[in-house]
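In case you want the letters, here they are:
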Amino acid sequence: MSNLNEKSKNGNNYFDSKIDKIVEKFNKIKKKATIMLDSGGYLFQKSKRMDVKPEEILKLYSELRPEIGVVLDHPLNPLVSEKENAKRWEKTLKNTIKMWGNVDIVLLPTVHGYSKDALIDACKQLKTQLDPQIVLIGIGSLVPLIRSTKGVRKLFSNSKNRYNNSLQFVAEAVRIVREEFPDSFLHVFGIGSVSTMHFLFSLGVDSVDTVGWRLKAAYGAIQLPGVGDRFVTAKGKRRVNLSNHDKELLEKCKCPVCKGLSLEERLHNLDNAIKNGTFKKRAIHNAWVFNWELTMARRMIGKGRYLDYILTNISNRAYRKVIEHIFVGDSLRES
Ligand SMILES: [Zn+2]
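As the structure is a prediction and not an experimental result, all values here were calculated from the model. (Residues numbered from 1 in each chain as written. Predicted model: local features only at pLDDT ≥ 70, side-chain atom pairs only at ≥ 80, totals over all residues. Heavy atoms only, no water.)

*Asks:* Help me understand the side chain of Thr92 in this model?
*Replies:* Note on placement: Thr92 falls in helix H4 (residues 82-99). Residue Thr92 is classed as buried on the basis of its relative accessible area of 0%. Residues contacting Thr92, with those up to four places away along its chain left out, are Leu72, Asp73, His74, Thr110 and His112. (Helix = DSSP H or I, 4+ residues; strand = E, 2+ residues; numbered from the N terminus. Buried < 20%, exposed > 50% of the residue type's maximum accessible area, 1.4 Å probe, protein only. Contact = heavy atoms within 4.5 Å.)

Spelled out as C-alpha coordinates, the structure:
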(Lines give C-alpha, C1' and ligand atoms only; values in the text may rest on other atoms or scores of the structure.)
Protein backbone atom coordinates (compact mmCIF):
# COMPACT_ATOMS: atom_id res chain seq x y z
CA MET A 1 0.00 0.00 0.00
CA SER A 2 2.87 2.34 -0.79
CA ASN A 3 0.83 5.16 -2.31
CA LEU A 4 -1.42 5.46 0.68
CA ASN A 5 1.57 5.93 2.88
CA GLU A 6 3.58 8.32 0.72
CA LYS A 7 2.47 11.46 2.48
CA SER A 8 2.81 10.16 5.99
CA LYS A 9 6.15 8.42 5.52
CA ASN A 10 8.10 11.62 5.95
CA GLY A 11 6.68 12.28 9.36
CA ASN A 12 4.60 9.99 11.42
CA ASN A 13 5.62 6.38 11.99
CA TYR A 14 2.74 5.79 14.35
CA PHE A 15 0.28 6.83 11.63
CA ASP A 16 2.08 4.63 9.07
CA SER A 17 1.83 1.52 11.19
CA LYS A 18 -1.84 2.24 11.94
CA ILE A 19 -2.61 2.57 8.21
CA ASP A 20 -0.68 -0.60 7.41
CA LYS A 21 -2.64 -2.54 10.03
CA ILE A 22 -5.96 -1.20 8.73
CA VAL A 23 -5.07 -2.10 5.14
CA GLU A 24 -3.95 -5.57 6.21
CA LYS A 25 -7.19 -6.15 8.10
CA PHE A 26 -9.22 -4.75 5.20
CA ASN A 27 -7.59 -7.12 2.72
CA LYS A 28 -8.24 -10.10 5.00
CA ILE A 29 -11.94 -9.26 5.22
CA LYS A 30 -12.04 -8.62 1.47
CA LYS A 31 -11.04 -12.23 0.80
CA LYS A 32 -14.11 -13.44 2.67
CA ALA A 33 -16.81 -10.86 1.94
CA THR A 34 -18.18 -8.25 -0.40
CA ILE A 35 -17.28 -4.81 0.92
CA MET A 36 -19.06 -1.49 0.72
CA LEU A 37 -16.80 1.29 1.96
CA ASP A 38 -18.23 4.55 3.26
CA SER A 39 -16.42 7.82 2.69
CA GLY A 40 -16.70 8.97 6.31
CA GLY A 41 -18.63 12.10 5.30
CA TYR A 42 -21.08 11.55 8.19
CA LEU A 43 -18.26 12.45 10.59
CA PHE A 44 -18.84 16.03 9.46
CA GLN A 45 -22.57 16.05 10.20
CA LYS A 46 -22.13 18.32 13.19
CA SER A 47 -19.33 20.37 11.64
CA LYS A 48 -19.54 23.30 9.21
CA ARG A 49 -16.23 22.54 7.59
CA MET A 50 -15.37 19.52 5.53
CA ASP A 51 -11.67 19.20 4.92
CA VAL A 52 -11.55 15.90 3.06
CA LYS A 53 -11.47 16.19 -0.72
CA PRO A 54 -13.26 13.85 -3.15
CA GLU A 55 -9.93 13.25 -4.93
CA GLU A 56 -8.48 11.83 -1.71
CA ILE A 57 -11.40 9.44 -1.29
CA LEU A 58 -11.06 8.37 -4.94
CA LYS A 59 -7.41 7.60 -4.33
CA LEU A 60 -8.30 5.53 -1.29
CA TYR A 61 -10.97 3.63 -3.23
CA SER A 62 -8.70 2.91 -6.16
CA GLU A 63 -6.07 1.47 -3.79
CA LEU A 64 -8.35 -0.50 -1.46
CA ARG A 65 -10.73 -1.56 -4.21
CA PRO A 66 -13.91 -2.25 -2.27
CA GLU A 67 -16.75 -3.66 -4.39
CA ILE A 68 -18.81 -0.52 -3.68
CA GLY A 69 -17.58 2.91 -2.63
CA VAL A 70 -19.91 5.57 -1.25
CA VAL A 71 -19.53 9.08 -2.66
CA LEU A 72 -18.14 11.71 -0.31
CA ASP A 73 -21.35 13.20 1.02
CA HIS A 74 -21.98 15.94 3.51
CA PRO A 75 -24.95 14.78 5.63
CA LEU A 76 -27.55 17.30 6.72
CA ASN A 77 -28.28 18.32 10.27
CA PRO A 78 -31.96 18.91 11.13
CA LEU A 79 -30.98 21.45 13.76
CA VAL A 80 -29.35 23.93 11.34
CA SER A 81 -31.08 26.29 8.90
CA GLU A 82 -32.59 25.23 5.58
CA LYS A 83 -30.01 27.45 3.87
CA GLU A 84 -27.11 25.71 5.61
CA ASN A 85 -28.50 22.28 4.66
CA ALA A 86 -28.97 23.42 1.04
CA LYS A 87 -25.26 24.34 1.01
CA ARG A 88 -24.39 20.89 2.32
CA TRP A 89 -26.37 19.23 -0.44
CA GLU A 90 -24.66 21.46 -3.06
CA LYS A 91 -21.32 20.27 -1.77
CA THR A 92 -22.42 16.60 -1.89
CA LEU A 93 -23.65 17.09 -5.46
CA LYS A 94 -20.36 18.72 -6.50
CA ASN A 95 -18.36 15.89 -4.91
CA THR A 96 -20.57 13.28 -6.58
CA ILE A 97 -20.06 14.82 -10.03
CA LYS A 98 -16.29 15.01 -9.45
CA MET A 99 -16.13 11.36 -8.42
CA TRP A 100 -18.57 9.86 -10.94
CA GLY A 101 -16.80 7.94 -13.69
CA ASN A 102 -13.38 8.65 -12.23
CA VAL A 103 -12.75 5.37 -10.45
CA ASP A 104 -13.19 1.81 -11.68
CA ILE A 105 -15.23 0.53 -8.77
CA VAL A 106 -19.01 0.82 -8.36
CA LEU A 107 -19.95 4.12 -6.72
CA LEU A 108 -23.02 4.60 -4.56
CA PRO A 109 -24.45 8.15 -4.80
CA THR A 110 -26.64 9.38 -1.96
CA VAL A 111 -29.53 11.83 -1.75
CA HIS A 112 -30.26 14.04 1.23
CA GLY A 113 -33.20 16.31 2.00
CA TYR A 114 -35.51 17.31 4.81
CA SER A 115 -38.49 18.32 2.69
CA LYS A 116 -40.40 16.72 -0.13
CA ASP A 117 -39.22 19.36 -2.63
CA ALA A 118 -35.58 19.18 -1.55
CA LEU A 119 -35.55 15.41 -1.99
CA ILE A 120 -37.28 15.41 -5.36
CA ASP A 121 -34.85 18.09 -6.60
CA ALA A 122 -31.87 16.11 -5.31
CA CYS A 123 -33.05 12.94 -7.12
CA LYS A 124 -33.65 14.84 -10.36
CA GLN A 125 -30.22 16.50 -10.17
CA LEU A 126 -28.54 13.11 -9.80
CA LYS A 127 -30.50 11.70 -12.73
CA THR A 128 -29.59 14.65 -14.95
CA GLN A 129 -25.96 14.95 -13.91
CA LEU A 130 -24.99 11.27 -13.56
CA ASP A 131 -27.31 8.81 -15.20
CA PRO A 132 -31.10 8.62 -15.52
CA GLN A 133 -30.96 4.98 -14.45
CA ILE A 134 -28.65 4.82 -11.49
CA VAL A 135 -28.28 1.20 -10.37
CA LEU A 136 -27.51 1.89 -6.70
CA ILE A 137 -28.89 4.78 -4.71
CA GLY A 138 -28.55 5.68 -1.03
CA ILE A 139 -30.54 7.92 1.30
CA GLY A 140 -28.54 9.72 3.95
CA SER A 141 -29.23 12.09 6.86
CA LEU A 142 -32.09 9.99 8.27
CA VAL A 143 -30.33 8.92 11.49
CA PRO A 144 -31.34 11.99 13.58
CA LEU A 145 -34.93 11.54 12.34
CA ILE A 146 -35.03 7.86 13.19
CA ARG A 147 -33.61 8.56 16.65
CA SER A 148 -36.17 11.34 16.93
CA THR A 149 -34.45 13.28 19.68
CA LYS A 150 -36.46 15.97 21.43
CA GLY A 151 -35.45 18.94 19.24
CA VAL A 152 -35.88 16.95 16.03
CA ARG A 153 -39.31 15.59 16.97
CA LYS A 154 -40.50 19.15 17.60
CA LEU A 155 -39.19 20.30 14.23
CA PHE A 156 -41.25 17.73 12.39
CA SER A 157 -44.47 18.34 14.30
CA ASN A 158 -45.17 22.03 13.86
CA SER A 159 -48.46 23.11 12.35
CA LYS A 160 -46.91 24.11 9.03
CA ASN A 161 -45.59 20.62 8.59
CA ARG A 162 -47.95 17.83 7.74
CA TYR A 163 -45.64 15.18 9.17
CA ASN A 164 -46.69 14.68 12.74
CA ASN A 165 -43.49 12.97 13.65
CA SER A 166 -40.09 12.57 12.12
CA LEU A 167 -40.64 8.84 11.43
CA GLN A 168 -43.46 9.72 9.10
CA PHE A 169 -41.07 11.92 7.18
CA VAL A 170 -38.62 8.99 6.99
CA ALA A 171 -41.42 6.94 5.39
CA GLU A 172 -42.19 9.82 3.03
CA ALA A 173 -38.50 10.20 2.11
CA VAL A 174 -38.22 6.53 1.21
CA ARG A 175 -41.42 6.74 -0.85
CA ILE A 176 -40.13 9.77 -2.79
CA VAL A 177 -36.74 8.23 -3.59
CA ARG A 178 -38.38 4.91 -4.47
CA GLU A 179 -40.69 6.70 -6.89
CA GLU A 180 -37.80 8.57 -8.51
CA PHE A 181 -35.67 5.42 -8.75
CA PRO A 182 -38.21 2.57 -9.04
CA ASP A 183 -35.74 -0.04 -10.27
CA SER A 184 -32.63 0.92 -8.31
CA PHE A 185 -31.18 -0.90 -5.33
CA LEU A 186 -32.02 1.35 -2.39
CA HIS A 187 -29.78 1.63 0.66
CA VAL A 188 -30.38 3.61 3.86
CA PHE A 189 -27.37 4.67 5.88
CA GLY A 190 -26.75 4.20 9.58
CA ILE A 191 -29.68 2.46 11.21
CA GLY A 192 -29.50 1.10 14.75
CA SER A 193 -31.68 -1.83 15.62
CA VAL A 194 -33.39 -4.87 14.15
CA SER A 195 -36.76 -3.09 14.47
CA THR A 196 -35.47 -0.14 12.42
CA MET A 197 -34.32 -2.54 9.74
CA HIS A 198 -37.81 -4.10 9.55
CA PHE A 199 -39.38 -0.65 9.53
CA LEU A 200 -37.25 0.44 6.57
CA PHE A 201 -37.60 -2.84 4.66
CA SER A 202 -41.38 -2.60 4.97
CA LEU A 203 -41.16 0.80 3.26
CA GLY A 204 -39.30 -0.62 0.26
CA VAL A 205 -35.65 -0.23 1.26
CA ASP A 206 -33.34 -3.02 0.01
CA SER A 207 -30.42 -2.75 2.41
CA VAL A 208 -29.23 -1.00 5.55
CA ASP A 209 -26.01 -0.77 7.52
CA THR A 210 -25.54 -0.73 11.26
CA VAL A 211 -23.01 -0.91 14.05
CA GLY A 212 -25.89 -1.23 16.52
CA TRP A 213 -25.05 -4.86 17.33
CA ARG A 214 -21.58 -3.79 18.48
CA LEU A 215 -22.61 -0.61 20.29
CA LYS A 216 -25.35 -2.48 22.13
CA ALA A 217 -22.86 -5.19 23.13
CA ALA A 218 -20.49 -2.54 24.50
CA TYR A 219 -23.36 -1.03 26.44
CA GLY A 220 -24.13 -4.48 27.85
CA ALA A 221 -27.32 -5.18 25.91
CA ILE A 222 -28.22 -8.32 24.02
CA GLN A 223 -30.63 -8.57 21.12
CA LEU A 224 -33.30 -11.22 20.65
CA PRO A 225 -35.71 -11.59 17.73
CA GLY A 226 -38.62 -9.17 17.93
CA VAL A 227 -37.79 -7.67 21.32
CA GLY A 228 -35.89 -4.57 22.43
CA ASP A 229 -32.60 -4.39 24.34
CA ARG A 230 -32.26 -6.92 27.16
CA PHE A 231 -29.70 -7.20 29.96
CA VAL A 232 -28.74 -10.42 31.72
CA THR A 233 -28.06 -8.28 34.79
CA ALA A 234 -30.35 -5.26 34.70
CA LYS A 235 -29.20 -2.50 36.98
CA GLY A 236 -30.79 0.91 36.59
CA LYS A 237 -34.25 2.05 35.60
CA ARG A 238 -34.12 1.75 31.85
CA ARG A 239 -32.50 -1.67 31.70
CA VAL A 240 -34.75 -4.65 31.16
CA ASN A 241 -34.11 -8.22 32.35
CA LEU A 242 -34.96 -11.24 30.25
CA SER A 243 -38.56 -12.40 30.72
CA ASN A 244 -39.46 -16.09 30.52
CA HIS A 245 -40.45 -15.52 26.88
CA ASP A 246 -37.06 -13.89 26.19
CA LYS A 247 -35.31 -16.85 27.82
CA GLU A 248 -37.21 -19.20 25.51
CA LEU A 249 -35.95 -17.13 22.57
CA LEU A 250 -32.41 -17.28 23.90
CA GLU A 251 -32.65 -21.07 24.27
CA LYS A 252 -33.40 -21.25 20.53
CA CYS A 253 -30.37 -19.12 19.51
CA LYS A 254 -28.04 -20.93 17.13
CA CYS A 255 -25.22 -18.34 17.17
CA PRO A 256 -21.63 -19.56 17.60
CA VAL A 257 -21.63 -18.33 21.22
CA CYS A 258 -24.90 -19.98 22.33
CA LYS A 259 -25.06 -23.13 20.22
CA GLY A 260 -25.00 -26.39 22.20
CA LEU A 261 -25.03 -24.70 25.63
CA SER A 262 -27.57 -24.79 28.45
CA LEU A 263 -29.61 -21.68 29.21
CA GLU A 264 -27.48 -20.99 32.30
CA GLU A 265 -24.28 -21.19 30.27
CA ARG A 266 -25.73 -18.89 27.62
CA LEU A 267 -26.76 -16.34 30.24
CA HIS A 268 -23.31 -16.52 31.80
CA ASN A 269 -21.61 -15.94 28.43
CA LEU A 270 -23.70 -12.85 27.71
CA ASP A 271 -23.81 -11.40 31.23
CA ASN A 272 -23.03 -7.67 31.27
CA ALA A 273 -22.15 -7.86 34.99
CA ILE A 274 -19.03 -9.89 34.24
CA LYS A 275 -16.27 -7.36 33.73
CA ASN A 276 -13.90 -9.08 31.31
CA GLY A 277 -14.47 -11.17 28.25
CA THR A 278 -18.21 -10.96 27.58
CA PHE A 279 -18.34 -7.96 25.18
CA LYS A 280 -17.08 -9.96 22.22
CA LYS A 281 -19.54 -12.76 22.93
CA ARG A 282 -22.43 -10.33 23.11
CA ALA A 283 -21.28 -8.66 19.88
CA ILE A 284 -21.15 -12.02 18.05
CA HIS A 285 -24.56 -13.02 19.44
CA ASN A 286 -26.09 -9.63 18.50
CA ALA A 287 -24.64 -9.70 14.99
CA TRP A 288 -26.02 -13.21 14.55
CA VAL A 289 -29.50 -12.17 15.68
CA PHE A 290 -29.39 -9.20 13.31
CA ASN A 291 -28.38 -11.43 10.43
CA TRP A 292 -31.02 -14.01 11.31
CA GLU A 293 -33.70 -11.33 11.23
CA LEU A 294 -32.35 -10.13 7.88
CA THR A 295 -32.65 -13.65 6.48
CA MET A 296 -36.19 -13.94 7.87
CA ALA A 297 -37.13 -10.56 6.35
CA ARG A 298 -35.93 -11.60 2.90
CA ARG A 299 -37.65 -14.98 3.20
CA MET A 300 -40.95 -13.38 4.20
CA ILE A 301 -40.71 -10.73 1.45
CA GLY A 302 -40.19 -13.58 -1.03
CA LYS A 303 -43.29 -15.37 0.27
CA GLY A 304 -45.38 -12.18 0.24
CA ARG A 305 -45.95 -12.48 4.01
CA TYR A 306 -43.67 -9.73 5.26
CA LEU A 307 -46.31 -7.29 6.49
CA ASP A 308 -47.93 -9.99 8.65
CA TYR A 309 -44.50 -11.00 9.90
CA ILE A 310 -43.46 -7.56 11.07
CA LEU A 311 -46.84 -6.63 12.49
CA THR A 312 -46.56 -9.76 14.62
CA ASN A 313 -42.90 -9.41 15.48
CA ILE A 314 -42.04 -5.71 15.69
CA SER A 315 -42.27 -4.51 19.29
CA ASN A 316 -41.46 -0.82 18.72
CA ARG A 317 -44.73 1.09 19.06
CA ALA A 318 -43.69 4.15 17.03
CA TYR A 319 -42.70 2.01 14.03
CA ARG A 320 -45.87 -0.05 14.28
CA LYS A 321 -48.01 3.09 14.23
CA VAL A 322 -46.43 4.39 11.02
CA ILE A 323 -46.56 0.98 9.32
CA GLU A 324 -50.19 0.43 10.31
CA HIS A 325 -51.04 3.94 9.13
CA ILE A 326 -49.50 3.31 5.70
CA PHE A 327 -50.51 -0.29 5.09
CA VAL A 328 -53.49 -0.95 7.32
CA GLY A 329 -54.97 2.56 7.23
CA ASP A 330 -55.23 3.13 11.00
CA SER A 331 -55.29 6.76 12.02
CA LEU A 332 -52.11 7.96 13.68
CA ARG A 333 -54.13 10.21 15.93
CA GLU A 334 -56.07 7.37 17.53
CA SER A 335 -53.42 6.34 20.03
ZN1 LIG B 1 -26.67 -16.41 20.74
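*Asks:* I keep staring at the domain arrangement of the protein and nothing clicks. Help me out?
*Replies:* You'll often see interface size given as the accessible area lost when the parts meet. The domain architecture assigned to the protein consists of domain 1 (34-190) and domain 2 (215-328). Between the C-alpha centres of domain 1 and domain 2 the distance comes to 29 Å. With 4 residues of domain 1 at the interface, the matching set in domain 2 holds 5 residues. Here domain 1 packs against domain 2, burying approximately 390 Å² in sum over the two surfaces, 76% of which is carbon and sulfur. The largest contributions to the domain 1 side of the interface with domain 2 come from Leu167, Gln168 and Ala171, which together make up 76% of the buried area. (Domains from an automatic or database assignment. Buried area = accessible area lost by both parts, 1.4 Å probe.)

*Asks:* Help me out: how do you make sense of the pairing of strand S9 (residues 227-230) in this one?
*Replies:* If a strand is regular, its side chains alternate between the two faces of the sheet. Two elements, strand S8 (residues 222-224) and S9, share 2 bridges in a ladder whose sense is antiparallel. Bridge pairing in S9 places Leu224 opposite Val227. Counting the residues in the hairpin turn of S8 and S9 gives 2 residues, including Gly226, whose phi is positive at 80°. (Pairing = 2+ DSSP bridges.)

*Asks:* Would you mind going over the sheet that holds strand S5 (residues 136-139) with me for this structure?
*Replies:* Strand-to-strand pairing in sheets goes through backbone hydrogen bonds, with the strands running parallel or antiparallel. The sheet built from 4 strands is open, its strands ordered S4-S5-S6-S7 with parallel pairing. Strands with a single pairing partner mark the edges of an open sheet, and in this sheet they are strand S4 (110-111) and strand S7 (207-208). Sheet topology places strand S6 (residues 185-188) next to S7; 2 bridges connect them, and they run parallel. In the sheet register, Val188 faces S7, and the bridge partner there is Val208. Packed onto the sheet, helix H8 (residues 166-180) meets S4, S5 and S6 and runs at close to 160° relative to S5. (Axes fitted to C-alpha atoms, helices over the stretch in contact; angles between N-to-C directions.)

*Asks:* Help me out: how do you make sense of the sheet that holds strand S2 (residues 68-70) in this one?
*Replies:* Spatially, S1-S2-S3 is the arrangement adopted by the 3 strands of the open sheet, whose pairing is parallel. Of all strands in the sheet, those bounded by a partner on one side alone are strand S1 (36-37) and strand S3 (106-108). Examined bridge by bridge, S2 and S3 share 3 bridges and lie parallel to one another. For Ile68, the partnering residue across the bridge sits in S3 and is Val106.

*Asks:* Help me understand the coordination of the zinc ion in this model?
*Replies:* Octahedral metals with six donors have ideal donor angles of 90 or 180 degrees. Tetrahedral metals with four donors have an ideal donor angle of 109.5 degrees. Within the protein, the zinc ion binds to Cys253 (SG), Cys255 (SG), Cys258 (SG) and His285 (ND1); these donor distances fall in the range 2.1 to 2.3 Å. Every donor counted, the 4 donor atoms about the zinc ion form angles of 103 to 117° at the centre, which fits tetrahedral coordination. Counting gaps between the donor residues of the zinc ion yields the pattern C-x1-C-x2-C-x26-H. (Donors = N, O, S within 2.8 Å, 3.2 Å for Na, K, Ca; no water. Tetrahedral: all angles 85-135°; square planar, octahedral: opposite > 155°, others 65-115°.)

*Asks:* Explain the packing of aromatic side chains here, please?
*Replies:* For any pair of aromatic rings, geometry is given as the distance between the ring centres together with the angle between the planes. Considering all chains together, one arrives at 3 aromatic pairs under this definition. Here Tyr219 and Phe231 contribute two aromatic rings whose centre-to-centre distance is 5.6 Å and whose plane-to-plane angle is 75°, an arrangement assigned as edge-to-face. Here Tyr219 is found in helix H10 (residues 212-219), whereas its partner Phe231 is found in the loop between S9 and helix H11 (244-252), with 12 residues between them in sequence. Residue class for Phe231 comes out buried when judged on its relative accessible area of 2%. Relative to Tyr309, the ring of Tyr306 lies with its centre 6.5 Å away and its plane at 20°, an arrangement referred to as stacked. (Phe/Tyr/Trp six-rings, centres within 6.5 Å; stacked < 30°, edge-to-face > 60°.)

*Asks:* Looking at this structure, I do not really get a negative patch on the surface. What am I missing?
*Replies:* Negative charge collects at one region of the surface, where Glu248, Glu251, Glu264 and Glu265 lie side by side. Elements that contribute at least two residues to the negative patch include exactly H11 and helix H12 (263-269). Mapped onto the elements, Glu251 comes out in helix H11. On the accessibility criterion, Glu251 (47% relative accessible area) is partly exposed. (Patch = residues over 30% accessible without salt bridge, like charges linked within 9 Å, V, L, I, M, F, W, Y side chains within 5 Å. Areas by Shrake-Rupley, 256 points an atom, 1.4 Å probe, with all protein chains shown as cover. Salt bridge = Lys/Arg side-chain N within 4 Å of Asp/Glu carboxyl O. Lys, Arg positive; Asp, Glu negative; His and termini not counted. Charge placed at Lys NZ, Arg CZ, Asp CG, Glu CD.)

*Asks:* When you look at the pattern of salt bridges in this model, what are you seeing that I'm missing?
*Replies:* When the charged atoms of two side chains with opposite charge come close together, those side chains can pair. Tallying each qualifying case throughout the model produces 10 salt bridges. One salt bridge connects Arg175 with Glu179, and the closest N-O pair in it is separated by 2.7 Å. You can see Arg175 and its partner Glu179 sitting in helix H8, 4 residues apart, about one turn around the helix. Take Arg175: its relative accessible area is 33%, and that puts it in the partly exposed class. By relative accessible area, which is 56% here, Glu179 ends up exposed. Across the pair Lys216 and Asp229 runs a salt bridge whose closest N-O atoms are separated by 3.1 Å. Placement of the pair is Lys216 in helix H10 and Asp229 in strand S9, with a sequence separation of 13 residues. Judged by its relative accessible area of 16%, Lys216 is buried. On the accessibility criterion, Asp229 (25% relative accessible area) is partly exposed.

*Asks:* Help me out: how do you make sense of unusual backbone geometry in this one?
*Replies:* For residues other than glycine, phi is negative in most cases, and the peptide bonds are mostly trans. The backbone of Arg65 shows a phi angle near 50°, a positive value even though the residue is not glycine. Here Arg65 is to be found in the loop between helix H3 (54-64) and S2. Judged by relative accessible area, Arg65 falls into the partly exposed class, the value being 34%. Of note in the backbone geometry, Ser141 takes a positive phi value of approximately 65° without being a glycine. Given a relative accessible area of 7%, Ser141 falls into the buried group.

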